[in-house]
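Topology and contacts: notes
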Amino acid sequence: MSQPTANFIEKQPNNITDNVSDSLRWPISQIQILLDLPFNDLIYRAQTTHRQFHVANEIQLSTLISVKTGGCPEDCGYCPQAARYHTGVDNQAMLSLETVVTAAKAAKDQGATRFCMGAAWRGPKQRDIDEVTGMISAVKALGLETCATLGMLKPGQAEQLSMAGLDYYNHNLDTAPEIYSEIITTRDYQDRLDTLEEVRNAGINVCCGGIVGMGESRHARAGLIAQLANLDPYPESVPINHLVQVEGTPLYGTAVLDPLEFVRTIAAARITMPKAMVRLSAGRREMSESVQALCFLAGANSIFYGDKLLTTGNPETEQDHALFEKLGLRSR
Ligand code: SAM
Ligand code: DTB
Ligand code: SF4
């Protein structure tokens, strides 16, 4: 993958139709063709690509911690941490450095190789950056890879995170540009792209993906994958989340997506971003082992590991060990 150029090929997010996609490396129409393939053909192609670029049967483990929880001013329709929805999430001010380091040590002892710190902010203030940079340096000193997801970054903030030792910044595009405003109104797609460019320019690896199962069409899923795959360079890490439906959020009660559509989305991410780590992210606790196995077959090679995501549940580590054993998967 060519290293940071930070140029995005697609810069008109509200105008992503096939007449502008001719110049894209992955036109939406091509991704739609992938998603429409007979299931076995799609999975065969995804697994073939996977084996060209990755060690088969190896899954990377990242552990999440919410360093600041709830009370977020944004209105993301899926999120239990938005202050305006009544979801029962207890607000939690910034955790102490000691609490974060203790959790990171425990994650490392359990076998995680990356520790991801999330905060329910629209974006960090300078004093937040000062605190989080201390956490990043301390976690890095434990020999873990570091990741942070703190919302939108202003010029100069990504450089500070990078200097502290941040390896990855997670900032999701979440869905296709044409339906973004149905999910979130307090920021727009271009805001997200701008932060991704800040991250790229600072030399931090980009972790960027989206959420599936929000009532979107297959075409919209193709639109999300096209946005991700046409970033130049495409993200090093691509989390594909399944919506975790939380009571009190606007998306609670959305018709549940056929799990095989989720698997198809993973496969399309693998094929279009062959070198990326594709992370089977939120929603795993609600998935059967068979569906998770299909996701690994479709090219997912990273998971969130530990019994909690940010505020919602994730499979117990023992359950994951048992699944890995059953599937002959190794962790790293
Ligand atoms: N506030 C920052 C932001 O929005 O970028 C960082 C934290 S935010 C919780 C990180 C990501 O979690 C979101 O971009 C979204 O993709 C994912 N997420 C949040 N709630 C979710 C849910 N209920 N189901 C699946 N993914 C979710
Ligand atoms: C990502 O793409 N998924 C993670 C991580 N990046 C920060 C977050 C999932 C959150 C699920 C809802 C919750 O636990 O609050
Ligand atoms: Fe806030 Fe992030 Fe949740 Fe949106 S996804 S409400 S920005 S914490």
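Structure report, in brief.

A few words on the packing of aromatic side chains. In total, this model carries two aromatic pairs according to the counting rule given. Their ring planes at 90 degrees and their centres at 5.1 Å tell us that Tyr 180 and Tyr 189 sit as a pair that is edge-to-face. Of the two residues, Tyr 180 and Tyr 189, both sit in the buried class. The positively charged end of Arg 114 is found above the aromatic ring belonging to Tyr 168, 3.7 Å away from the centroid. We note Arg 279 situated over the ring of Phe 304; from NZ or CZ to the ring centre the distance is 4.8 Å.

Here we take up helix α7 (residues 189-201). With 13 residues, α7 extends 19 Å from end C-alpha to end C-alpha; this agrees with the ideal 18 Å at 1.5 Å per step. Turning to α7, its buried residues are Tyr 189, Arg 192, Leu 193, Thr 195, Leu 196, Glu 197, Glu 198, Val 199 and Arg 200. The backbone nitrogen of Gln 190 has a side-chain oxygen 3.2 Å away, supplied by the residue at the start of α7, namely Asp 188. The first or second residue beyond α7 is Gly 203, which carries a positive phi of 80 degrees.

So, on to the side chain of Glu 74. Along the chain, the position of Glu 74 falls in the loop between β2 (58-68) and α3 (97-110). A distance of 2.9 Å separates the side chain of Glu 74 from the side chain of Arg 122, its partner in a polar contact. Setting aside anything within four residues of it in sequence, one finds Glu 74 in contact with Ala 82, Arg 84, Arg 122, Met 152, Thr 186 and Arg 187.

Cis rather than trans, the peptide bond between Asp 232 and Pro 233 has omega equal to 0 degrees. Along the polypeptide, Pro 233 turns up in the loop between β8 (231-232) and β9 (237-242). Positive phi values are uncommon outside glycine, yet Asn 57 reaches one of about 70 degrees. Examined against the element boundaries, Asn 57 turns out to sit in the loop between α2 (39-53) and β2. Phi at Asp 174 takes a positive value of approximately 70 degrees, unusual for a residue other than glycine. In this structure Asp 174 comes out as buried when scored by relative accessible area, which is 3%.

So, on to the site of ligand 2. In the neighbourhood of ligand 2, 13 residues make up the surrounding shell, with Asn 172, Asn 241, Leu 310, Thr 311 and Thr 312 lying closest. Between a nitrogen atom of ligand 2 and a side-chain N or O atom of Asn 170, the distance comes to 3.1 Å. In the environment of ligand 2, an oxygen atom lies 2.8 Å from a nitrogen or oxygen atom belonging to the side chain of Asn 172. For ligand 2, the accessible surface in isolation is 400 Å², of which the surrounding protein chains cover 88%. For the shell around ligand 2, the class distribution of residues is seven nonpolar, six polar and no charged.

The next subject is the pattern of salt bridges. Applying the stated criterion to the full structure yields 14 salt bridges. Note that Arg 200 and Glu 236 form a salt bridge whose closest N and O atoms lie 3.0 Å from each other. Of the two residues, Arg 200 is situated in helix α7 and Glu 236 in the loop between β8 and β9; the sequence distance between them amounts to 36 residues. Look at Arg 200 and you get buried, because its relative accessible area is 2%. Across the pair Arg 221 and Glu 216 runs a salt bridge whose closest N-O atoms are separated by 2.8 Å. Residues participating in the shared-partner salt-bridge network are Asp 36, Glu 216, Arg 218, Arg 221, Glu 261 and Arg 264.

In this section: the nonpolar core. Grouped together as the largest cluster of nonpolar side chains are 89 residues, with contacts concentrated most on Tyr 78 and Leu 161. Considering each element in turn, this core owes the most residues, seven residues, to helix α9 (residues 259-272). In this structure, Tyr 78 is in contact with Asp 174, Ile 183, Ile 184, Arg 187, Ile 211, Met 214, Leu 243, Val 244, Thr 249 and Leu 251, ignoring residues within four places of it in sequence. Membership of the second largest hydrophobic core comes to nine residues, among which are Cys 116, Val 244, Phe 304 and Leu 309.

What follows is about the packing of helix α8 (residues 218-229) against α9. Put simply, α8 and α9 touch, their axes get as near as 10 Å, and they point 25 degrees apart. In this view, α8 runs roughly parallel relative to α9, as classed from their interaxial angle. At the point where α8 passes α9, the crossing takes the right-handed sense. Where α8 approaches α9, its residues Arg 218, Arg 221, Ile 225 and Ala 229 are matched on the opposing element by Glu 261, Arg 264, Thr 265, Ala 268, Ala 269 and Thr 272. Class assignment for the residues of the contact of α8 with α9 results in four nonpolar, two polar and four charged.

Quick notes on the rules
- Once a new chain begins, its residue numbering starts again from 1 and follows that chain's sequence as written.
- Both sets of labels track the order of writing: A upward for chains, 1 upward for ligands.
- Per-residue local features of the predicted model are confined to residues with pLDDT of at least 70, and side-chain atom pairs are confined, for both listing and counting, to 80 or more; whole-chain, interface and lining totals are unaffected and use all residues.
- Side-chain measures here rest on the full set of heavy atoms in the structure, leaving out hydrogens and waters.
- What counts as a ring pair is set by centres within 6.5 Å for rings of Phe, Tyr and Trp (its six-membered ring), and what kind of pair is set by the plane angle: stacked under 30 degrees, edge-to-face over 60, tilted for all other angles.
- Classification of residues uses two cut-offs on accessible area relative to the type maximum, computed with a 1.4 Å probe and protein chains only: under 20% is buried, over 50% is exposed, and between them is partly exposed.
- The criterion is that NZ of a Lys, or CZ of an Arg, lies within 6 Å of the ring centre and within 35 degrees of the ring normal, and then a charge sits over that ring.
- Put simply, DSSP H or I for four residues or longer makes a helix, DSSP E for two residues or longer makes a strand, and each gets a number counted from the N terminus.
- Multiplying 1.5 Å by the helix residue count minus one yields the expected span of that helix.
- Any pair of nitrogen or oxygen atoms within 3.5 Å is treated as a polar contact; in protein, a donor-acceptor pairing is required on top of that, and neighbouring residues in sequence qualify only through side-chain atoms on both sides.
- The contact definition used throughout considers only heavy atoms, calling two residues in contact when any of these lie within 4.5 Å.
- A single heavy atom is enough: if one lies within 4 Å of a molecule or strand, its residue is considered near that molecule or strand.
- The protein chains shown are the only cover counted for residues, whose accessible areas, like all others here, come from Shrake-Rupley with a 1.4 Å probe.
- Residues are grouped as follows: nonpolar covers Ala, Val, Leu, Ile, Met, Phe, Trp, Tyr, Cys and Pro; charged covers Asp, Glu, Lys and Arg; every other residue, Gly included, is treated as polar.
- Each reported salt bridge corresponds to a side-chain nitrogen of Lys or Arg within 4 Å of a carboxyl oxygen of Asp or Glu.
- Here, nonpolar core refers to any group of buried Ala, Val, Leu, Ile, Met, Phe, Trp, Tyr and Cys residues whose side-chain atoms link them within 4.5 Å.
- Axis lines are fitted through C-alpha atoms, for helices just across the contact stretch, and the angle between N-to-C directions can take any value from 0 to 180 degrees.
- Note that the term roughly parallel is reserved for angles under 35 degrees, roughly antiparallel for angles over 145, roughly perpendicular for angles of 65 to 115, and oblique for everything else.
- Rotating anticlockwise by less than a right angle from the far helix to the near helix defines a left-handed crossing, while the corresponding clockwise rotation defines a right-handed one.

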